[in-house]
Every structure is written in structure tokens, then in C-alpha cells.
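# Inside the fold
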Amino acid sequence: MATWKNRGLRGSAFETLINNTNEYYRKKGLALVQKIPTPIVPLKFDNEKRLITEAYFEKDSTVDYIGVVQEIPICFDAKECATDTFSMQNIHEHQYEFMSDFEKQGGVAFLLILFTDRNDIYYMRFSELKTYHERIKEGHAKNFKYIELEDDFFLKPNGPAMVPYLEGLNRDLEER
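First, a word on what this report is: a plain description of the structure on this page.

Thresholds applied
Each chain carries its own residue numbering, running from 1 in the direction its sequence is written. Local features are withheld for residues below a pLDDT of 70 in this predicted model, meaning they are given only at 70 or higher, and side-chain atom pairs are given and counted only at 80 or more; totals for whole chains, interfaces and linings count all residues. To obtain the side-chain values, all non-hydrogen atoms of the structure were used and water was disregarded. In this analysis, rings of Phe, Tyr and Trp, with Trp reduced to its six-membered ring, are considered paired at centre separations within 6.5 Å, and the interplanar angle assigns stacked below 30 degrees, edge-to-face beyond 60, and tilted for intermediate values. Helix and strand labels come from DSSP, where a helix needs a run of H or I of at least four residues and a strand needs a run of E of at least two; each type is numbered from the N terminus. Relative accessibility under 20% of the residue-type maximum defines a buried residue, over 50% an exposed one, and the middle range a partly exposed one, all with a 1.4 Å probe and only protein chains included. Either the NZ atom of lysine or the CZ atom of arginine qualifies as a charge over a ring when it sits within 6 Å of the ring centre and within 35 degrees of the ring normal. A pair of strands counts as paired when DSSP detects no fewer than two bridges linking them. It only takes one pair of heavy atoms within 4.5 Å for two residues to be counted as in contact. Under this scheme, a helix contributes an axis fitted over its contacting stretch, all axes are lines through C-alpha atoms, and angles between N-to-C directions fall in the 0 to 180 degree range. Identification of polar contacts relies on pairs of N or O atoms within 3.5 Å, with a donor-acceptor requirement for protein atoms, meaning one able to donate a hydrogen and the other able to accept it, and with residues adjacent in sequence counted only if both atoms are side-chain atoms.

### Regarding the packing of aromatic side chains
Taken as a whole and judged by the stated rule, the model has 15 aromatic pairs. Taken together, a centroid distance of 5.2 Å and an interplanar angle of 85° make the contact between tyrosine 25 and tyrosine 165 edge-to-face. On the criterion of sequence distance, the pair formed by tyrosine 25 in helix H1 (residues 12-27) and tyrosine 165 in helix H4 (residues 165-175) is long-range, its members being 140 residues apart. Take tyrosine 25 and tyrosine 165: they sit in the same class, and that class is buried. Taken together, the aromatic side chains of Tyr24, Tyr25, Tyr65, Phe76, Phe110, Tyr123, Phe153 and Tyr165 make up a single cluster linked through ring pairs. The aromatic ring of tyrosine 65 is capped on one face by lysine 35, whose charged end is 5.6 Å from the ring centroid. Across from the ring centre of tyrosine 146, 3.8 Å away, lies the NZ or CZ of arginine 118, which sits over that ring.

### Side note on the sheet that holds strand E5 (residues 65-69)
As summarised here, the arrangement of the six strands in space is E2-E5-E6-E8-E9-E11, forming an open sheet in which the pairing is mixed. The sheet is open, and its two borders are formed by strand E2 (31-35) and strand E11 (154-155), each paired with just one other strand. In this sheet, strand E6 (residues 72-81) lies alongside E5 in antiparallel orientation, the contact comprising five bridges. Across the sheet, residue valine 68 finds its bridge partner in E6, namely proline 73. Helix H3 (residues 126-137) contacts strand E8 (108-115) and strand E9 (120-125) of the sheet and is inclined by roughly 85° relative to E9.

### What to know about the side chain of asparagine 143
Along the polypeptide, asparagine 143 turns up in strand E10 (residues 143-145). Leaving out residues up to four positions away in the same chain, asparagine 143 has contacts with Thr85, Phe86, Ser87, Met88 and Arg135.

### Observations concerning the pairing of E6
Burial analysis of E6 places seven of its ten residues in the buried class, the great majority of the element. Between the end of E5 and the start of E6, which pair antiparallel, lie two residues, with glutamine 70 showing a positive phi angle near 45°. Across eight bridges, the pairing between E6 and E8 is parallel. Paired with cysteine 81 across the two strands is phenylalanine 115, which belongs to E8.

### Brief notes about the side chain of arginine 125
Counting through the fold element by element, arginine 125 comes out in strand E9. For arginine 125, a relative accessible area of 7% puts it in the buried group. There is a polar contact of 2.5 Å between the side chain of arginine 125 and the side chain of glutamate 150. When residues no more than four places from it in sequence are discounted, the contact partners of arginine 125 are Ala109, Phe110, Glu150, Phe153, Asp172 and Glu175.

So far we have only geometry, and geometry alone does not tell us how the molecule works.
Structure below.
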């Protein structure tokens, strides 16, 4: 059983941008995407502040977001990276398996990676993630570098869509 202790608001700014983008897409009738909460069992509370201060994960989570875009089922996970080297250990095996199964069912799975030092957001197709996952089995380091990524899949904020992942999704679908 994994125990969670409050580590602040890790990733919350990126998730807020994604949530705001999801709301914008919903209002425009472009997509309906929801944040999936991580199932936890609370252990300790701060009653004064009405906060959970310690809990354990009830079960493995799948991905951060799931929904539908113009009849296309999508799921994705949001990750942050402070350096130019992304550790594949940030993607848990159960998440990878869920995304793989999701793709086998006709859905589109992807990652959104915020390279915080560069303030760059990358849309990583599942096929690309799979390539990095497979090369580990061949003895490659358990990471990939920023310079390995394809320029066409970096996302640029676009008005209210601060994380315009529909642009990445369009490119992804064009290449399939």
C-alpha cells in the first residue's frame, strides 16, 4: 500500500491550464474531457483547515484525463519535467498498459509533457511513447531527451486554449 503525504500542489498549475482548456473546448462544443481523480483512502485530517493531510492510494490510477473529441475517445496523462531529460519511470506500468488497451479499443491515448524550464508543452503520441518504452527492453537508458522530440508536436498556447492539445490530436490522427 503506497502512502501519500501532502507534497503541496505539484503539477497543479499545469493541470489548471489543462482544466481551463477542457472547459473552453466543452463550451465551444469541441470536446468533453474530464479529470479523473486518484482514488485515495484518507488517514489523517486537519479539521481546522478541512484538509486531508495523509492518505493511501486505494488502487492504481489509470490516466489523468479521459473523454471524447468529436466522437473520438481520448485519454491522456499530464507530466512535468524540470530538465531536458524525461525519465520513463514517471510513467507507471499500469498507466502504460491502460493507454495501450485504450488504443486497442480504437481510442487515442497520449501524454502532455510540460518542460518547465523551457515552458514548452509537448504532445506525445502513444506510438512515440511505445517506441521509448520498447527501447528500454533493448538496453537503452530509461529516459528520452528533449532534442529527440518532433518539432511538429510542440503546442503553442492559442487564446483561451492554453494547452491546445486538439492541435496535437489533429496531427496525430493525420499520421495514423
